[in-house]
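What the coordinates show
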Amino acid sequence: MAKNSLLSPSDVETLVENGHMIVILGKLVLKLDAWIHYHPGGEKSIQHLVGKDATDEINAFHSAAAKEKMVRFQIGILEQKWSNLIPPIQQAGKEHNIQETSDNSTLPEKDLDMMTKSFREFIDTLEREGLFDCNYWSYFTEVIRIVLIFTLMLFLLLAGWYCTSAVVMGCFWHQLVFVAHDAGHMGITHSYHIDTMIGMIVANHIGGLSLGWWKRSHNIHHLVTNSPSHDPDIEHLPFLAISPSFFKSLYSTYYDKVMPYTKLAQVFIPYQAWLYYFFLSFGRFNLYVLSWDYIFHDLGPRSNKWHRLFEISGHVFFWTWFGYFLLYLSIPTWSLRIAFIMISHMVTMPLHCQFTLSHFAMATTRTGPNEPWPQQQLRTTMDVDCPTWLDWFHGGLQFQAVHHLFPRMPRHNLRKASGYVREWSKSVDLKYEIYGFQECNGRVLGRLAEVARQARFLNECQRHIIDKADFVRGEWEY
């Protein structure tokens, strides 16, 4: 098939129905079958774009150089306007209980097109303002702060102040995550290879986590934000559920398995609003498990296979400096070692809280496949307002809605971009939600409490049915 062949929408639909990985970029029809297993961002991120005009998604995550290389996968040009399909991975079937995508758009098609056009012009404005350029002086001050925190931790450790040192260690990891996050989004140098190397050293060698796992998971989170069946960042059964949809034992397309609403979930979910901060305190332990699973099962792309070996070396290095030299050799007793581990890891709880605040209280419904990128992100994400002097604590990532609109924008520019987003969202009649830290916590706790109330009601109904046992006597009414 010639690259410049004109393809009708029915031609493209047929290709998708036949199982091909067809993605639309502008007017170009890309066939990514041969690339999907080598995609650095993971194969599932492509699967969630199959049958869609993914121009805005591709622009958000890829450099101009990367987009130029995509032309080699071009198989034709669309001759008519394209209407998005629901990607096959998102379609409910008899085998899997997937939250269905509605076909209800909140705006007429003409308005959706105008919003998309306006958003792309808005990006051009931000680029002219230099908001996609990295301020390396900001990183210089961050590196100094991180080094000072680590130095303070070592000083307190050698002085015998083990528990205080553990608190500072947690603060060190807290700050380190922001740098790894930027590198994973190529927001530092905008070079895939340089930023990936920075991210792997920071995440694996210093932090004991996996940048490869994070990129695979986080890309999906950005593409299908707050979708119960698809977004791994809200799939936390049996401990937390932000939507009653989880009561149906949904199938997770990320984990490729059913998320059963088990007896244990029926115990935890009714009280999740009270347990929320407690569960978040153990978040870092969960990240270890997810990282190890990714590396052990070799879930990364087939390209750059040396990344896996480098990540393994990072974990060996981490558990050598942290596990052996710091914990075993520097701390005299096992009780103090365990205390150091628990304190240092639980101190990172505010970081997990910050990321969940931006999503847990927002919409979890799936609208039609033609929903514009900016509407999807502002519908499912809210920002946390705080004084400028507190940006160092939040890492600038309290502006998650802005970050979701522009994933490759350096986080030190997000506060300034927030003002632009506020004005632009008004011009296209989109609601940009930004609240203070206290109100954000209240909204999340309110959502968790409401889902918990419904969980308790479901438990009571099940107990009533079992106690009454009409269905056993053949008296069940339909």
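The model shown is predicted, which means the values in this text are computed figures rather than measured ones.

The next point concerns the overall build of the chain. Assigned secondary structure in the chain consists of 20 helices and 8 strands. Projecting the C-alpha coordinates of the chain onto the three principal axes gives extents of approximately 70 × 70 × 45 Å. The 478 residues of the chain split such that 52% are buried. Pairs at least 24 residues apart make up 72% of the contacts formed inside the chain by residues separated by at least 6 positions. Accessible area for the chain stands at about 22500 Å²; split by element, carbon and sulfur atoms hold 62% of it.

Next up on the list: the sheet that holds strand β3 (residues 28-31). Taken in spatial order, the 4 strands of this open sheet run β1-β4-β3-β2, and their pairing is mixed. In this open sheet, the two strands that pair with only one neighbour each are β1 (6-7) and β2 (22-25).

Attention now goes to the pattern of salt bridges. On inspection of all chains with the given rule, the structure shows 12 salt bridges. Across the pair Asp182 and Arg411 runs a salt bridge, and its minimum N-O distance is 2.6 Å. With Asp182 in helix α7 (residues 162-184) and Arg411 in the loop between α18 (400-405) and α19 (414-427), this residue pair connects regions lying 229 residues apart in the sequence. Residue Arg411 is classed as buried on the basis of its relative accessible area of 3%. Of the charged contacts, one joins Lys305 and Asp298 as a salt bridge, the two residues approaching to 3.1 Å between their closest N and O atoms. Residue class for Asp298 comes out partly exposed when judged on its relative accessible area of 32%. Salt bridges here are not isolated pairs; linked through shared partners, they connect Glu142, Asp182 and Arg411.

Right, let's get into α7. With 23 residues, α7 should cover 33 Å at 1.5 Å per step; its first-to-last C-alpha distance of 32 Å lies within 8% of that length. Counted residue by residue, α7 has 18 buried out of 23 residues, so it is predominantly covered. At the exit of α7 stands Met186, carrying a positive phi of roughly 55 degrees.

This part covers the confidence of the model for the chain. Overall, the prediction assigns the chain a mean pLDDT of 91, with 94% of residues at 70 or greater. In the model of the chain, β1 stands out as the element of lowest mean pLDDT, 88, in contrast to helix α14 (residues 334-346), which has the highest, 97.

As a further point, take the side chain of His48. Mapping His48 onto the fold places it in the loop between α2 (43-47) and α3 (55-61). Residue His48 is classed as buried on the basis of its relative accessible area, which comes to 2%. Polar contacts involving the side chain of His48 include one to the side chain of Gln90, which spans 3.0 Å. Residues in contact with His48, not counting those within four places in the same chain, are Pro87, Ile89, Gln90, Ile220, Val224, His230 and Thr253.

Bringing the pairing of β3 into the picture now. Two elements, β2 and β3, share 4 bridges in a ladder whose sense is antiparallel. Within β3, the position partnered with Ile22 by the bridge is Lys31. From the end of β2 to the start of β3, which pair antiparallel, there are 2 residues, and Gly26 there has a positive phi angle of about 65 degrees. The pairing of β3 with strand β4 (residues 74-78) spans 3 bridges and is classified as antiparallel. Residue Leu28 lies in a different strand from β4, and its bridge partner there is Ile77.

Moving on, we come to the pairing of β4. Burial runs high along β4: 4 of the 5 residues are buried. Sheet topology note: the β1/β4 ladder contains 2 bridges and is parallel. Across the sheet, the residue bridging to Leu6 is Ile77, located in β4.

A few words now on unusual backbone geometry. Omega for the peptide link from Leu237 to Pro238 comes to 10 degrees, which places this bond in the cis form. By secondary structure assignment, the location of Pro238 is in the loop between α9 (211-223) and β5 (251-252). Of note, Asp298 is a non-glycine position whose phi angle comes to about 50 degrees, a positive value.

Attention now goes to helix α11 (residues 272-280). The set of residues buried in α11 consists of Gln272, Ala273, Tyr276, Phe279 and Leu280. One side of α11 holds all its buried residues, which, seen down the axis, span an arc of 100 degrees. Those residues of α11 hidden inside the fold are in contact with α10 (263-268), α12 (283-296), α15 (349-357) and α20 (437-468).

What follows deals with the side chain of Arg408. Along the polypeptide, Arg408 turns up in the loop between α18 and α19. Apart from residues lying up to four places away in sequence, Arg408 is in contact with Ala60, Phe61, His62, Ser63, Phe132, His185, Met186, Gly187 and His190.

For Ala339, the location among the structural elements is in helix α14. For the pair formed by Ala339 and Cys163, sequence separation is 176 residues and the distance between their alpha carbons is 7.0 Å.

About the cut-offs
Residues numbered from 1 in each chain as written. Predicted model: local features only at pLDDT ≥ 70, side-chain atom pairs only at ≥ 80, totals over all residues. Heavy atoms only, no water. Helix = DSSP H or I, 4+ residues; strand = E, 2+ residues; numbered from the N terminus. Buried < 20%, exposed > 50% of the residue type's maximum accessible area, 1.4 Å probe, protein only. Contact = heavy atoms within 4.5 Å. Areas by Shrake-Rupley, 256 points an atom, 1.4 Å probe, with all protein chains shown as cover. Pairing = 2+ DSSP bridges. Salt bridge = Lys/Arg side-chain N within 4 Å of Asp/Glu carboxyl O. Expected span 1.5 Å × (residues − 1). pLDDT = per-residue confidence, 0-100. Polar contact = N/O pair within 3.5 Å; in protein donor to acceptor, adjacent residues only side chain to side chain. Arc of directions from axis to C-beta.

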